[in-house]
Amino acid sequence: MLNTAEIRALLVTPDPWLVRNFTSVCGELGIEAQSSATTAEVPEELGQAKYEAVLVDFDTVPETPTIMGGVRESRGNRNALVFAVATNTAHRHQALRQGAKFIFERPIDANEIRRVLYAAYDLMARESRRYFRCTAEVPALLGQGNAGTDLRCTTINISSGGMALRTPSPLRPGEVVQIALFLPGAGQAVRASGTVVWDDKHGKTGINFQCEISRDQSELDAWLNTRFYELLTPRRAIL
């Protein structure tokens, strides 16, 4: 997830009633739901997007081992929260073995969908937060070891362990830099050690970093948490 705070769900079922009602409740929570009626589409969808939740209809979709295997083998979706529709005992056992966390049984009540999704919202939000990269122009200083001077830069986006910046001169991929990040409202700079992972030679650079003091990491994470939930809050106004 890049430069946005959102929660997405992939629905794998041919049942139009289930799609309609699950999507409706997702809409109440600001969750973007995408329906996939055929299993052939699922691998491509898992490869193209990050989903915080996956609904799999074990009652009507026979290829659940393939689908669940695709979820768990997907680098970006392996931790997605799995909702299953599994009415008989065999399907319920199968769903649990394959990693389902929440199970619905037919006949499904729309209020039960609402109750379960509202209860699971924070788990989905937590998974979304792990990939959150905040778009922000924040002043930063980069110390280049032997260079002797600091580069004055401005961030383009920031995550818990990486950022993109506008830089006055190119940096070398693999170069180690010392970072001072001046977050709005922070009493002092957040400091970290970073490694340049890319540079486009036109004033933009990507750096992975790690804070060496836990206080600095906590301050950065608290700032990112505030930005993340500010973006989600308008969609959760009814909660």
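Structure shown above.
Notes on the structure in this doc start here. (Residues numbered from 1 in each chain as written. Predicted model: local features only at pLDDT ≥ 70, side-chain atom pairs only at ≥ 80, totals over all residues. Heavy atoms only, no water.)

Regarding the overall build of the chain
Put simply, the rule reads: In this description a helix means any DSSP run of H or I spanning at least four residues, a strand means any run of E spanning at least two, and both kinds are numbered starting from the N terminus. Using a 1.4 Å probe on the protein chains alone, a residue whose accessible area is under 20% of its type maximum counts as buried, one over 50% counts as exposed, and one in between counts as partly exposed. The Shrake-Rupley method, run with a 1.4 Å probe sphere, supplies the accessible areas, and residue values consider only the shown protein chains as cover.
Scanning the chain from N- to C-terminus turns up six helices and 12 strands. Within the chain, the proportion of its 239 residues that are buried is 46%. With the model as given, the accessible surface of the chain reaches about 11,800 Å², and the carbon-plus-sulfur share is 51%.

Describing the packing of helix α1 (residues 16–28) against helix α5 (residues 110–130)
What counts here: Helix axes are fitted only over the stretch in contact, all axes being lines through C-alpha atoms; the angle between N-to-C directions runs from 0 to 180 degrees. Here is the rule for angles: anything less than 35 degrees is roughly parallel, anything more than 145 is roughly antiparallel, 65 through 115 is roughly perpendicular, and the remaining ranges are oblique. Rotating anticlockwise by less than a right angle from the far helix to the near helix defines a left-handed crossing, while the corresponding clockwise rotation defines a right-handed one. Contact definition: two residues touch when any of their heavy atoms are within 4.5 Å. For this classification, Asp, Glu, Lys and Arg are treated as charged, while Ala, Val, Leu, Ile, Met, Phe, Trp, Tyr, Cys and Pro are nonpolar and the rest, including Gly, are polar.
Interaxial distance between α1 and α5 falls to 10 Å at its minimum, and their mutual angle equals 45°. Here α1 is positioned oblique relative to α5, judged by the angle of their axes. α1 and α5 meet at a crossing whose hand is right-handed. Across the interface between the two elements, W17, L18, N21, F22, V25, C26 and E28 of α1 pack against A110, I113, R114, L117 and Y118 of α5. In terms of residue class, the contact of α1 with α5 is built from nine nonpolar, one polar and two charged.

A look at the packing of aromatic side chains
Rules: Pairing of aromatic rings covers Phe, Tyr and Trp, the last through its six-membered ring, and needs centres within 6.5 Å; plane angles under 30 degrees mean stacked, over 60 mean edge-to-face, and all others mean tilted.
Summed over the entire model, instances satisfying the criterion amount to six aromatic pairs. Seen from their ring centres, F22 and F104 are 6.4 Å apart, and the 90° between their planes marks the pair as edge-to-face. With a gap of 82 residues between them, F22 in helix α1 and F104 in strand β5 (residues 102–104) connect regions that are remote in the sequence. F104 shares its class with F22; the two are buried. Note on F132 and F228: the rings are 5.2 Å apart at their centroids and 65° apart in plane angle, and the pair reads as edge-to-face.

Here we look at the nonpolar core
Short version of the rule: Nonpolar core, defined: a set of buried Ala, Val, Leu, Ile, Met, Phe, Trp, Tyr and Cys residues in which side-chain atoms within 4.5 Å join the residues together.
Ranked by size, the top nonpolar core spans 52 residues in total, and within it F22, F83, L117, M124 and L181 carry the most contacts. The dominant element in this core, judged by the number of residues it contributes, is α5, at seven residues. If you look at the next biggest cluster of nonpolar residues, it comprises 19 residues, including V12, I67, A80 and A84.

Brief notes about α5
Using the following cut-off: Here, expected helix span is obtained from the residue count minus one, scaled by 1.5 Å. What is called the bend at a residue is the angle between a pair of axes, fitted to the seven residues leading up to and ending at it and to the seven starting from it. Between N or O atoms, a polar contact is any pair within 3.5 Å; within protein, one atom must be a potential hydrogen donor and the other a potential acceptor, and residues adjacent in sequence are included only when both atoms are from side chains.
Helix length check: α5, at 21 residues, gives a terminal C-alpha distance of 30 Å against a target of 30 Å (1.5 Å per residue), a fit within 8%. For α5, the principal kink sits at Y121 and spans about 45°. Listing the buried residues of α5 in full gives I113, V116, L117, A120, Y121, M124, A125, E127, S128 and R129. Structurally, the start of α5 carries an N-cap: the backbone nitrogen of N111 is 2.8 Å from a side-chain oxygen of D109.

Some points on the pattern of salt bridges
Where we set the bar: Just to be clear on terms, a salt bridge is a Lys or Arg side-chain nitrogen sitting within 4 Å of an Asp or Glu carboxyl oxygen.
One pass over the full model with this rule turns up 16 salt bridges. Between K50 and E52 there is a salt bridge, and its shortest N-O distance comes to 3.4 Å. Taken individually, K50 and E52 each receive the classification buried, so the pair is uniform in this respect. Between R172 and E175 there is a salt bridge whose closest N-O contact spans 4.0 Å. Relative accessible area serves as the criterion here: at 56%, R172 is assigned to the exposed category. With a relative accessible area of 8%, E175 lands in the buried category. Each of D15, D57, D59 and R106 takes part in a single network of salt bridges with overlapping partners.

Focus: empty space enclosed by the protein
Formally: Grid points spaced at 1 Å over the protein atoms alone were grouped into cavities, where a 1.4 Å probe fits but cannot get out, and pockets, open sets with protein on both sides within 12 Å along at least five of seven lines, with lining residues defined by an atom within 4 Å of a point. Grid points are joined across faces, edges and corners, and a volume is the space filled by probe spheres set on the points.
The tally for this structure, following the rule as stated, stands at one cavity of 30 Å³ or more. If you list the elements that add at least two residues to the lining of the largest cavity, you get β10 (176–181), β11 (190–199) and β12 (204–211). The greatest single-element share of the lining of the largest cavity, amounting to three residues, is contributed by β11. Split by residue class, the lining of the largest cavity holds eight nonpolar, no polar and one charged.

Considering the pairing of strand β1 (residues 7–12)
Worth spelling out the cut-off: Criterion used throughout: strands pair if DSSP finds at least two bridges between them. Whether a crossover is right-handed depends on one test, that the path from the first strand over the helix to the second runs clockwise when the strands point away from the viewer.
Counting buried positions along β1 gives six out of six residues, so the element sits mostly inside the fold. Residues I7, A9 and L11 of β1 are buried on one face, and the alternating residues R8, L10 and V12, pointing to the opposite face, are buried as well. As defined by bridge partners, β1 adjoins strand β2 (residues 31–36) across six bridges and the pair is classed as parallel. From the neighbouring strand, V12 faces β2, where its bridge partner is S36. Between the parallel pair β1 and β2, the chain is carried across by α1, and the sense of this crossover is right-handed.

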